Amino acid sequence: MEKQPQEVVLVGAGIMSATLSILLKKINPAIKISVFEKLDKIGFESSDAFNNAGTGHSAFCELNYTPMDKNGVVNIDKAINIAKQFETSKEFWSYLVENNYVSSPEKFLRPTPHMSFVWGDDDVNFLRKRYEKLSQHPLFKEMEYSEDISKIKEWTPLIVDGRKGNEKVAATHMNLGTDVNFGELTRQIFKGLQDKNEITLETEHEVKDLTRLSNGKWAIKVKDLKSGSNKAVNADFVFIGAGGGAILLLQKSGIPESKKFGGFPVGGQWLICQNEEVIKKHHAKVYGKAKIGAPPMSVPHLDTRVIDGKQSLLFGPFATFSTKFLKYGSNCDLFKSVNVGNVGFLMNCGLNNIDLTKYLIEQVMLSKAKKVESLREYFPEAKLEDWFEQTAGQRVQVIEQQNGKGVLKFGTEIVTSQDGSISALLGASPGASTSVSAMLNLMKQCFPELMKNNWNEAIKEMIPSYGEDLAQAELVEASRARTTKVLKILD
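Fair warning: this is a prediction, and the values are worked out from it, not measured in the lab.

**Things to note about a nonpolar patch on the surface**
Point 1. Where nonpolar side chains cluster on the molecular surface, the patch consists of V338, V343 and M347 and spans about 240 Å² of accessible area.
Point 2. Mapped onto the elements, V338 comes out in the loop between helix 8 (333-337) and helix 9 (343-351).

Okay, structure coming up:
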């Protein structure tokens, strides 16, 4: 592979490919980038608003990022790391606004407080400990905590009204939270790139196969879904950012690294309310604790959302099961991903995760009435007739072979060939929210020579805090002062 790749193919027109396109063009404007999207629309799989929680994952409210051990010690390392990555994303998006890659930020980002809410002695004790540790860090110093039901009602009445007066509850509140429409952001970035003639983007084009050539390049077979014709495209570097479909293409590449991975699809479903009398009583994203055995993507949350100009409340997601790896995928996806090389560790993983299997079966069996019962833990006065069900996106939980066993991985995984000529993004949350950091890490792995020559100056222009530690209060304040103003985060 050439040290300075000139031809790049990105598979999938989601937020990851959009982000990588900008970063690559700023590091090396001469790079030719071709993006192929299977659907006739951009950003309508994992990045789409209804297929993505849109939380702007910053660890303000997500309790699974701060586990407590058996000794009662809360570990905040993951929360700090994710919070730093989200600040990086906000700096990058601010650059996009200032440089006309995206239009007014209110079209993709809205200020929405982030809250955690729990009840019962054990969980209240956990949340208190979590708050005490997090609030000492500059990234979380503005976090508020209360066990006073009247204070919690000031933040959002919906989760308090109708609750028993003697019930022990606690909540944290971060006014800096956001709701991000990653589908809209993705479409705006690609429009900006196309308007500046910096990429070639073709929708209704499906990448069917990848073959390594003797000269080190990749031959990519692309099918035009409108005409039915096939064409061959060569590339120095390939990024597979096709959501749940990435694992199938990664396997087709034949690289040794692909043989260590398999996947298990988990779908989602929202309960949605568009009753304006209900909606006006809630302005926040309120996260609770996941049930035992539940995957992190199924952490329950009650969210204010504005999608396509329509304000709604969403609760969930509830897990569903399908053998598809993509919402618009094939029912054969799961079966295609199983082969002689991975069937052993996939079965081993299944046997070691009986709790997850049991949880999924229970979720699939839930009626709408039972789902509303779950909702009433967060919204005691919820009425069945105010809510309807809507399918959310598909995610593929990554299973990695480690010492002959299958280990279920939660989070976002980047798999890269040894020579750095091909890379794939697997996994789920925090995903889109940390897309900038994920793509920067990918570039370090895949373009070390390019980064050595042009890295710092170009990246610092886009991300002023790059290379510095956001554990410093002054740096956090300076970064947020800029991004809060440019992105209009606070009302």
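Okay, back to it.
**Brief notes about the packing of helix 1 (residues 15-27) against helix 2 (residues 77-98)**
Packed helices, taken two at a time, are described by the angle their axes make and the gap between the axes.
Point 1. At a closest axis distance of 12 Å, the pairing of helix 1 and helix 2 adopts a crossing angle of 70 degrees. Taken together, the axes of helix 1 and helix 2 lie roughly perpendicular to each other. On the side of helix 1, the interface is formed by T19, I22, L23 and K26, while helix 2 contributes F92, Y95 and L96.
Point 2. Of the residues belonging to the contact of helix 1 with helix 2, the class tally is 5 nonpolar, 1 polar and 1 charged.

**Some details on the pattern of salt bridges**
Point 1. Counted according to the given criterion, the structure contains 27 salt bridges.
Point 2. R212 is the partner of D419 in a salt bridge, and the nearest nitrogen-oxygen pair spans 2.7 Å. Taken together, the residues span a long stretch of sequence, with D419 in the loop between strand 19 (412-416) and strand 20 (422-427) and R212 in strand 9 (residues 205-212) at a distance of 207 residues.
Point 3. What makes D419 partly exposed here is its relative accessible area of 38%.

**Here we look at the packing of aromatic side chains**
Point 1. Going through the model one piece at a time under the given rule, you end up with 12 aromatic pairs.
Point 2. Their ring planes at 85 degrees and their centres at 5.8 Å tell us that F60 and F140 sit as a pair that is edge-to-face. With F60 in the loop between strand 2 (32-36) and helix 2 and F140 in the loop between helix 3 (121-134) and strand 5 (144-146), the pair connects residues that are 80 residues apart, well separated along the chain.
Point 3. In this structure F60 comes out as buried when scored by relative accessible area, which is 2%.
Point 4. F140 gets classed as buried once you look at its relative accessible area, which sits at 0%.

**Remarks on the nonpolar core**
Point 1. Counting residues in each nonpolar core, the largest one holds 81 residues, and the members touching the most others are W93, F140 and M443.
Point 2. In this view, M443 contacts L20, L23, L24, I27, P448, M451 and W455; residues no more than four positions away in its chain are not counted.
Point 3. Counting 28 residues, the second largest nonpolar core, distinct from the first, contains L210, W218, V233 and L426.

**As for the sheet that holds strand 20**
Point 1. A sheet is described by the order of its strands in space; here 6 strands give the open sequence 8-2-1-12-20-19, paired in mixed fashion. Edge positions in the sheet fall to strand 8 (200-202) and strand 19, since each has one partner strand and no second. In this sheet, adjacent strand axes meet at a mean angle of 15 degrees when their direction is disregarded.
Point 2. For strand 2 and strand 8, the ladder comprises 3 bridges, and the chain directions are parallel. Note that in strand 8 the partner of V35 across the bridge is L201.
Point 3. Against the sheet, helix 1 touches strand 1 (7-11), strand 2, strand 12 (237-240) and strand 20, its axis set at about 165 degrees to strand 1.
Point 4. The strands touched by helix 12 (residues 435-446) are strand 12, strand 19 and strand 20; relative to strand 19, the strand with the most contacts, the crossing angle is about 20 degrees.

**A word on helix 10 (residues 354-364)**
Counting along an α-helix, one turn takes 3.6 residues, and residues three or four places apart therefore face a common direction.
Point 1. Within helix 10, the full set of buried residues consists of L356, Y359, L360 and Q363. For helix 10, the arc enclosing every buried residue in end-on projection is 100 degrees, short of the 170-degree limit, so these residues lie on one face. Away from its buried face, by an angle of more than 90 degrees, helix 10 presents the exposed residues K358 and I361.
Point 2. Lining the buried residues of helix 10 we find strand 13 (261-273), strand 16 (310-320) and strand 18 (405-409).

**Notes on the pairing of strand 6 (residues 169-174)**
Point 1. For strand 6, a buried count of 6 out of 6 residues is recorded, marking the element as mostly surrounded by other parts of the structure.
Point 2. Here strand 6 shows a buried face lined by V169, A171 and H173 and a second buried face lined by A170, T172 and M174.
Point 3. Pairing of strand 4 (residues 114-119) with strand 6, which is carried by 6 bridges, proceeds in the antiparallel orientation. In the sheet register, V118 faces strand 6, and the bridge partner there is A170.
Point 4. Note that strand 5 and strand 6 share 3 bridges and pair antiparallel. When the sheet's bridge partners are listed, S146 is paired in strand 6 with A171.

Definitions and limits used
- Residues numbered from 1 in each chain as written.
- Predicted model: local features only at pLDDT ≥ 70, side-chain atom pairs only at ≥ 80, totals over all residues.
- Heavy atoms only, no water.
- Patch = residues over 30% accessible without salt bridge, like charges linked within 9 Å, V, L, I, M, F, W, Y side chains within 5 Å.
- Areas by Shrake-Rupley, 256 points an atom, 1.4 Å probe, with all protein chains shown as cover.
- Salt bridge = Lys/Arg side-chain N within 4 Å of Asp/Glu carboxyl O.
- Helix = DSSP H or I, 4+ residues; strand = E, 2+ residues; numbered from the N terminus.
- Axes fitted to C-alpha atoms, helices over the stretch in contact; angles between N-to-C directions.
- Parallel < 35°, antiparallel > 145°, perpendicular 65-115°, else oblique.
- Contact = heavy atoms within 4.5 Å.
- Nonpolar A, V, L, I, M, F, W, Y, C, P; charged D, E, K, R; others polar.
- Buried < 20%, exposed > 50% of the residue type's maximum accessible area, 1.4 Å probe, protein only.
- Phe/Tyr/Trp six-rings, centres within 6.5 Å; stacked < 30°, edge-to-face > 60°.
- Core = buried A, V, L, I, M, F, W, Y, C linked by side-chain atoms within 4.5 Å.
- Pairing = 2+ DSSP bridges.
- Arc of directions from axis to C-beta.

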